[in-house]
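Summary of structural features
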Amino acid sequence: MAALDQHIFESEHEATSTGLPNTKLAMWIFLASDCLLFGALISTYVLYRGASIKGPYPSDVFDIPYTSVSSFVLLASSLTMVLALAAIQRGDQGQMRVWLLATALLGATFVGGQVYEFTTFADEGLTLTTNLFSTTFYVLTGFHGTHVAIGILMLLSLLVMSFTGKITQQNSLSVELVGLYWHFVDIVWIVIFTIVYLIPTGPGPT
Amino acid sequence: MASVSVPGERGRWLTRRPASTTGFWSWITTVDHKRIGILYGVTAFAFFLIGGSEALFIRLQLARPDQNLISAETYNEFFTMHGVTMIFLVVMPLSSAFFNYLIPLQIGARDVAFPRLNAYSYWVFLFGGLFIYSSFALGGAPNGGWFGYAPLSTAEAGNNMLFYATGLIIVGVASTVSAINLAVTIINMRAPGMTMFRMPVFIWMGLVVQFLLAFSLPIITVGLFEMLFDRRFGTHFFDPAAGGDPVLWQHLFWLFGHPEVYILILPAMGIVSEVLPVFARKPLFGYQFVVFSGIAIGFIGFGVWAHHMFAVGLGPVANTAFGISTMIIAVPTGVKIFNWLGTLWKGDIRFTPPMLFSIGFIAQFIVGGLSGVTHAVVPADYQQTDTYYIVAHFHYVLVGGAIFGLFAGIYYWWPKIFGRMLPDRWGKVNFWILAIGFNLTFAPMHVLGLQGMPRRIHSYPESLGLTFWNTAATLGAFIIALGVLQFLIMAISSFMRPKDAPADPWDARTLEWTTGSPPPPHNFDEIPEVHALDDFWHRKYAETKTGRVVPVPAGGADQAVPGGVHATRGEREMEHEPHGIHMPGPSYWPFVSALGFPLIGYGVVFSPWPIVAGAAIVLIGLYGWALEPSAE
Amino acid sequence: MRKSTRWVLGAIALALLAAACSPDASQSSLEPAGPYADTVDDLFTPVFWVAVGVFVLVEGALLWFVIRYRHRRTRTDVPPQIHGNTRLEIGWTILPAVILAGVAVPTVATIFDLAREPSGGNVMQIDVLGHQWWWEFDYPDLQINTANELHIPVNTPVYLSLCAAGSGYEAQPAPNECQADLPVPAGLGLSVIHSFWVPELAGKQDVVPGRTNTVWIEADRPGTYEGQCAEFCGLSHAYMRFHVVAHEADEFDAWVRGQQAEAASASGPAAQGQEVFAANCIQCHSVNGLTDDAGEPVIGAIQGPNLTHLMSRECFAGCIFETNTDNLTRWVSDAPSLKPGSLMPSGLNELGLTPRQVDAVVAYLETLE
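**So, the packing of helix H4 (residues 115-134) of chain B against helix H19 (residues 589-605) of chain B**
All names here are of chain B. At their nearest, the axes of H4 and H19 sit 8 Å apart, and the two run at 30° to each other. What the angle tells us is that H4 and H19 run roughly parallel. As H4 packs across H19, the resulting crossing turns out to be right-handed. When H4 is examined against H19, the residues Arg116, Ala119, Tyr120, Trp123, Val124, Phe127, Gly128, Leu130 and Phe131 are found in contact with a partner set consisting of Pro590, Phe591, Ser593, Ala594, Leu595, Phe597, Pro598 and Gly601. Broken down by class, the residue content of the contact of H4 with H19 amounts to 13 nonpolar, 3 polar and 1 charged.

See the structure below:
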């Protein structure tokens, strides 16, 4: 969506009071606002940590090495995103397309990994409605996964647009904006991964 | 309109931009901030009439003890929808109307930062509002209160509260998008020389409000999603049987809900801060104090939410902390009142209708502020909370305050927006009817609350001795209705007269009065250059060495104050020769994309398939929007 | 006209004050009758007068400026453009802060004062259960369970534990600390938030599912104090009222003895009613001491109020009806038509009772004293 937005915005922006492009400012405010969204979701998870009165509990289902790998994949996609932006800023369309595609694929791998993880958990008897842990876990990570999926959609839109010649060295702002969004989503995942997976909770209700 | 579709692009009808600048479709496709402002205003006023009618039914039911004029079920739907309507569909969009119309004009811009996104906000808001109201025809309107406390809202059968959660998420999307758009506009689109501290106070309050919206709406959105998931999919967020805590909803709701109060009142404070200086013919007393107190209110507003929850049992430490933070927020609020008084002091006060409404605002807001301080006295609040004392308090803030402030704005900017003056005499009559009706309705509620009348009861026994003041309040409510009706007649009949308003009928101080009434689509022939706070005033008046204020010599003044004729000629020129001013062209896509939202909403409430269709429409709309040629 | 407006406003203000003190309101927080309510009132009253003082000063200044500096027809010059006065503005920032600090000190002291658990040998413990839409009062130490009327001895601190009764999600009984084991099947009202409020004795305390809140009350003098649920709890929220009846110590002891007694077996016309009762009403209600023909005890359910001493209560059905033959007959015949959403089924329409059977049941109920 933001990929579309940035394109929409671009044609309508003129010289600004702060010198910052309107679209970039808008993206920053949007991300700040989105911080509060995740803040509220993470708070819900933290408040209910250890409050489930029946299992399965986090330690029963989590496979930390597996999730660590998929987290690493998502982090790596931030690097490829940086490379994509650098490519277009020096005018290298081909490189940019390669890195955009790589970013999208890494993102898709992460989402795929999440889907696989969810199905595994479900097989182990942890569905959305099983207990308080499952409720808070699925909704929090699901919201994040949706953000990643939207990001992939934006990356693919950029890719398509690059073939119609709409993305140029002088006009690389759209790539930068999607990059901002993408890095934000990655950072949020680091927080979620730390709080949900790495900080241990007891085997049962506390 | 300066722009039309690109000729010669045969076969690309899908991506061609609409051309009409008059008629029905021009309103559907408009991206002009002024027209969108008018759309917001008209829509909000329509919802105002609906929400007001619900209030009249409530008052009729409570006029006498033990009445059964409407059933308990209908009563619960009405008080819930009255609150939802007045907050989300009246005061917020009415404020939006003024922000949309005035922000570009007051900062000297041609439009907002993202004109099509602006249209999008409006359509999503409209469809969200209609979606919530369609619940009346689809099995029952929301009935759990505007505050929707879990687990009543999540455990009860029926789709009522699903409409509430889904509808508010949709309206929230509209407000978030609009908040980002307007914040960027204020920060980035100011005319040369319009530094932050030369901006009118109304713009400052607008900026604070947009940030409050951007940072508080996500919190309620999470709460609403959790409610939706509990209600629709059987999750356990607010389910005590699974270890969940219903109080979490209250925290999420009021973390949004209290900043929301300032979202509702700050625009009116901004309007009053514009109106008072004009009709006292003095600058706002302590501009910087008013601005900083507004910003302070914005910050502290996030730290007082649990004063809505003193009786929940959070414990004495939490209650103390929130009691004190609530007292602290009273300080910047008090500062504003004193600064307004300072503005009137030694002024040359003209009692025009906008001025009367502004003075009424101050007088009534003082009452609401003082009763608010008594809620901060926590033990007293144990008695007051959830009674009519609270109802009295927030109506003094939101009707006596916000609505009176917004009415001041309507009277003040009506000539600018529609090019016609509202009749002075009838405007004054209107003020007195509304003021008398308002005070008769809500002053008695202080007494009723202290005498033990709880809120949200559809009936009360005669033995409680509450009849007299309830009857009085009902009488007052109908006087308000009379006032609103009179306003409506006056407003509509103003269109039967020719456009007679000059560009600057009030001898005002801000930039919007330098252009025609109504302004041309491109707002300003030349983007103004700003040299001072109240720049327009300084173009008209100079101060002598002895401190006397004298008009700038006639010729200069004429030049500086383009009359209506002048501006109209400018506008006519624009039609033929756009001077190279490129205004963004109209677009279908915001409307189309917004149409998807209610469809998604119905999918959430009834069955999942419409969600797919709705999401597809939203996406198709956005892609059509992106592929649309820019209008050049 | 301005002057007359002021006179009218003044008259209204006086009338308001008069009404605020008028004695006919029977559930008024302005007439405290116990130490908790007194403490609150002692705090509110001075704050109220400070607020009145501020109100008079600020509104007075507004009115004075508006009159003093109104536009006069002869005036042509523009007033001096005063942009502000920093010293003045700092002053009027500090002044309200000082006043508020003065208010904050007693406020904080009172918050902690009221939050203290009452101590001493004579403290009485009662569990309060909020149902949709009636109140249940359980005296764990005295083995008494009653509804809608809370009886307490005067000058005795009563410590209340507040629990929300009813079913939670998925129609399962929601656990609460006031009912240790819930032997109750589904079919209750929803477990939702209520708020316990007797204005003349104490401020509100919410009754929250999943939490056990506490509040203490104490009455200075014997009498009946009216109370009401103050948190919106669904369809018949308005009909969730109750009484607190304060007795002198000896009277209270007599009441306790009366309540502890079991109901006697009915005879005469009421005996038929007892049969109908045992066949229908025990799905939700219980009567201690009820037996069937064989003399075996009949154990009723506890979804509805315990009716063992129904006739000793002045009111029933969330205290919206006086307990008398007429009202009981109407209620047993068709409760939902009298109280929206009532979980008590209609005797005539849903349970299929005949009017005569209803009369018999009421005759039986009237023996439960």
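**Things to note about the arrangement of the chains**
Across the 2 pairs of chains in contact, the largest number of contacts is found between chains B and C. Looking at chain A next to chain C, you find no contact at all, with the nearest C-alpha pair sitting 11 Å apart.

**Some thoughts on the interface of chain B and chain C**
Between chain B and chain C, the residue contacts involve 81 residues of the former and 82 residues of the latter. Residue contributions to the side of chain B that touches chain C peak at 14 residues, all from helix H10 (residues 316-344) of chain B. A breakdown of the residues in the side of chain B that touches chain C according to their chemical character gives 49 nonpolar, 20 polar and 12 charged.

**Re the sheet that holds strand S1 (residues 124-131) of chain C**
All names here are of chain C. Spatial strand order, S3-S2-S1-S5-S8: 5 strands in an open sheet with mixed pairing. The open sheet has two free edges, formed respectively by strand S3 (144-147) and strand S8 (213-217), since each of these has just one partner strand. Direction aside, the axes of adjacent strands within the sheet are offset by 25° on average. Across 4 bridges, the pairing between strand S2 (residues 134-139) and S3 is antiparallel. In the strand pairing of S3, Glu136 is matched with Ala147.

**So, the nonpolar core**
In terms of nonpolar packing, the biggest core is built from 360 residues, with Ala183 and Ala408 of chain B together with Leu201 of chain C touching the most fellow members. Residue contacts for Ala183 of chain B: discarding those within four places in its chain leaves Ile29 of chain A together with Leu207, Gln210, Phe211 and Ala214 of chain B.

**With respect to the sheet that holds strand S4 (residues 149-153) of chain C**
Residues and elements named next belong to chain C. Here 3 strands make up an open sheet; going across it, the order is S4-S10-S9 and the pairing mixed. Edge strands, defined here as strands with exactly one partner in the open sheet, are S4 and strand S9 (223-228). Averaged over all pairs of adjacent strands, the angle between strand axes in this sheet comes to 25°, irrespective of strand direction.

**Quick word on the interface of chain A and chain B**
At the interface, 35 residues of chain A touch 37 residues of chain B. Sorting the residues of the side of chain A that touches chain B by element identifies helix H1 (2-10), helix H2 (22-47) and helix H6 (132-163) of chain A as the ones contributing at least two each. The leading source of residues in the side of chain A that touches chain B is H2 of chain A, at 14 residues. For the side of chain A that touches chain B, a count of residues per class yields 21 nonpolar, 12 polar and 2 charged.

Definitions and cut-offs
Residues numbered from 1 in each chain as written. Chains lettered and ligands numbered in written order. Predicted model: local features only at pLDDT ≥ 70, side-chain atom pairs only at ≥ 80, totals over all residues. Axes fitted to C-alpha atoms, helices over the stretch in contact; angles between N-to-C directions. Helix = DSSP H or I, 4+ residues; strand = E, 2+ residues; numbered from the N terminus. Parallel < 35°, antiparallel > 145°, perpendicular 65-115°, else oblique. Left-handed = near helix turned anticlockwise from the far one by under 90°. Contact = placed C-beta atoms within 7 Å. Nonpolar A, V, L, I, M, F, W, Y, C, P; charged D, E, K, R; others polar. Pairing = 2+ DSSP bridges. Core = buried A, V, L, I, M, F, W, Y, C linked by C-beta atoms within 7 Å. Buried ≥ 20, exposed ≤ 12 C-beta atoms within 10 Å, placed from the backbone.

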